[in-house]
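Below are the chains, spelled out letter by letter.
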Amino acid sequence: MTSIRIPGRRFLHSPGPTPIPDAVLHAMSVQPMDLGDPRVDANIAACEQGLKRLVHTRSADIFMHAANGHGAWEAVIENLTAPGETVLVPATGHFSESWAVQTEALGRTVVRTPWREGWPMDMAALEQALREDKAHAIKAVFAIHTDTASGVTNDLAAVHRAIDAARHPALFVADVVSTLAAIPFSMDEVGVDVAVGASQKGLMCPTGLGFAAVNARAFAVAEGNRSPRFYWDWVRRKNDQSYRKFCGTPPQNLLLGLEAALGLIFSEGLEAVWRRHAQIAHAVQAAVEGWREGGAVDFFAQDPATRSHSVTTVKVEPGIDIEALRNMARDRFQVALAGGLGPQTGRAFRIGHLGDCNPAMILGAIAGVEGALIALGVPVGDGGTRRAVQSLAG
Ligand SMILES: *Cc1c(COP(=O)(O)O)cnc(C)c1O
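Figured I'd write up the structure that's included with this text. Given the structure is predicted, the values throughout are model-derived calculations rather than measurements. (Residues numbered from 1 in each chain as written. Predicted model: local features only at pLDDT ≥ 70, side-chain atom pairs only at ≥ 80, totals over all residues. Heavy atoms only, no water.)

Some words on the nonpolar core
Argument step 1. In terms of nonpolar packing, the biggest core is built from 54 residues, with Leu54 and Met64 touching the most fellow members.
Argument step 2. Considering each element in turn, this core owes the most residues, eight residues, to helix 11 (residues 252–268).
Argument step 3. Residues lining this core come from more than one domain, with at least three contributed by each of domain 1 (22–266) and domain 2 (270–393).
Argument step 4. Filtering out sequence-adjacent residues up to four positions away, Leu54 remains in contact with Leu180, Ala181, Phe185, Leu203, Leu262, Ile265, Phe266 and Leu270.
Argument step 5. Residues Val288, Trp291, Ala365 and Ala388 belong to the second largest nonpolar core, which totals 31 residues. (Core = buried A, V, L, I, M, F, W, Y, C linked by side-chain atoms within 4.5 Å. Buried < 20%, exposed > 50% of the residue type's maximum accessible area, 1.4 Å probe, protein only. Helix = DSSP H or I, 4+ residues; strand = E, 2+ residues; numbered from the N terminus. Domains from an automatic or database assignment. Contact = heavy atoms within 4.5 Å.)

This is the structure:
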């Protein structure tokens, strides 16, 4: 890596990876252990317990993979379905489409609902698709909580109601990768069969741990699924030995980081963590309300109630160069932003505000973004940063 000195700290505001707390970095900074060391099993047990508590499940099993979120997606596809079987993926934007494409690449058939840019998933179309599936060909619904590209949060309880209303036996799989430890979620209460997460977003860890919380109904489907698989196989991984749980050597240092991160979340209090994310998201939204008065930028998410507490997607008028903006924000102001994804490439930028963030950090980031917009001659309306300060002060 080129070593250019960065004075102070660069503010990382991508919606994953997110900043890692010092306590997590320190917890990971240890020598490896032999696999018989009792600390290995204790650490894994603590991570499993913490993740169960985080997703709010009494009985689901936790399967952790040495993988990113796409790995956890693959585990879901391989365990719950066989090639030729069908999955319903309600469209939410770039992330639902990516999961759908991955599912199709593995030989499964995908039914999609139509996507309306800037809006949450179409619940009526979801229910309709399930009602029309009289033969119950659809084995599972893969639903994204916050689509991290569009910055829109979907109502998972409504997904469950739609499945119920259609009297359809499909499994309900929820991707909470960018909402866990940021936005309220309760697996058991919502009736989710499998919840999928990853380490580098609200969990404030490095990338490399993907996991699934799997209830008994979903595990029974995996057990009955005869399609060949090995590495991702939850049935093979349901074992007391750590070497079997990970289909090989556990990623010890990541797991130590995760245990520390879960400790931080529970010592702050999960409800307090959710409130902090809401407060910080409202500050970002207040800033965008100010900027949009200049007529050049606006919210991508049309309905204010669906704007995510994890990430804000800001669409820009044609002619504004997103990469120039990101470079200006990063190089001059030390604020690292994300660009648009999929159909939003070149048309939007994203401010991540999940994980280890506080009011001072988000104000610095907002001011940096505003500075970068001004430096590029983008009209930014009236006092975005001032409004963010007021939002936090109020
Ligand atoms: C980041 C993300 C993923 C994919 O995770 P990777 O670790 O990048 O593979 C999946 N779903 C959502 C909602 C995400 O935000």
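With respect to unusual backbone geometry
Argument step 1. Look at the link from Gly16 to Pro17: it is a cis peptide, with omega at 0 degrees.
Argument step 2. With respect to the helices and strands, Pro17 occurs in the loop between strand 1 (11–12) and helix 1 (22–28).
Argument step 3. One non-glycine residue, His56, lies in the positive phi region at around 60 degrees.
Argument step 4. Note that His56 resides in the loop between helix 2 (38–55) and strand 2 (61–66).
Argument step 5. Unlike most non-glycine residues, Cys247 shows phi in positive territory, near 50 degrees.
Argument step 6. Here Cys247 shows up in the loop between helix 10 (242–245) and helix 11.

Observations concerning the packing of aromatic side chains
Argument step 1. This structure, assessed with the given rule, holds seven aromatic pairs.
Argument step 2. Both rings, one in Phe63 and one in Trp234, keep their centres 5.7 Å apart while their planes meet at 15 degrees; by these two values the pair is stacked. Placement of Phe63 in strand 2 and of Trp234 in helix 9 (residues 234–237) is noted, with a sequence separation of 171 residues between them.
Argument step 3. Overall, Trp234 belongs to the buried group, its relative accessible area being 0%.
Argument step 4. Of the aromatic side chains, those joined through ring pairs into one cluster are Trp73, Phe95, Trp99 and Phe142.
Argument step 5. Looking at Lys238, its charged tip hangs above the ring of Phe219, at a distance of 4.8 Å from the centre. (Phe/Tyr/Trp six-rings, centres within 6.5 Å; stacked < 30°, edge-to-face > 60°. Lys NZ or Arg CZ within 6 Å of the ring centre and 35° of its normal.)

Focus on the environment of Thr306
Argument step 1. Take Thr306: it is sitting in the loop between strand 11 (297–299) and strand 12 (311–316).
Argument step 2. Take Thr306: its relative accessible area is 9%, and that puts it in the buried class.
Argument step 3. Setting aside anything within four residues of it in sequence, one finds Thr306 in contact with Pro120, Gly151, Val152, Thr153 and Ala301.
Argument step 4. A distance of 2.8 Å separates a polar atom in the side chain of Thr306 from the backbone oxygen of Asp303. (Polar contact = N/O pair within 3.5 Å; in protein donor to acceptor, adjacent residues only side chain to side chain.)

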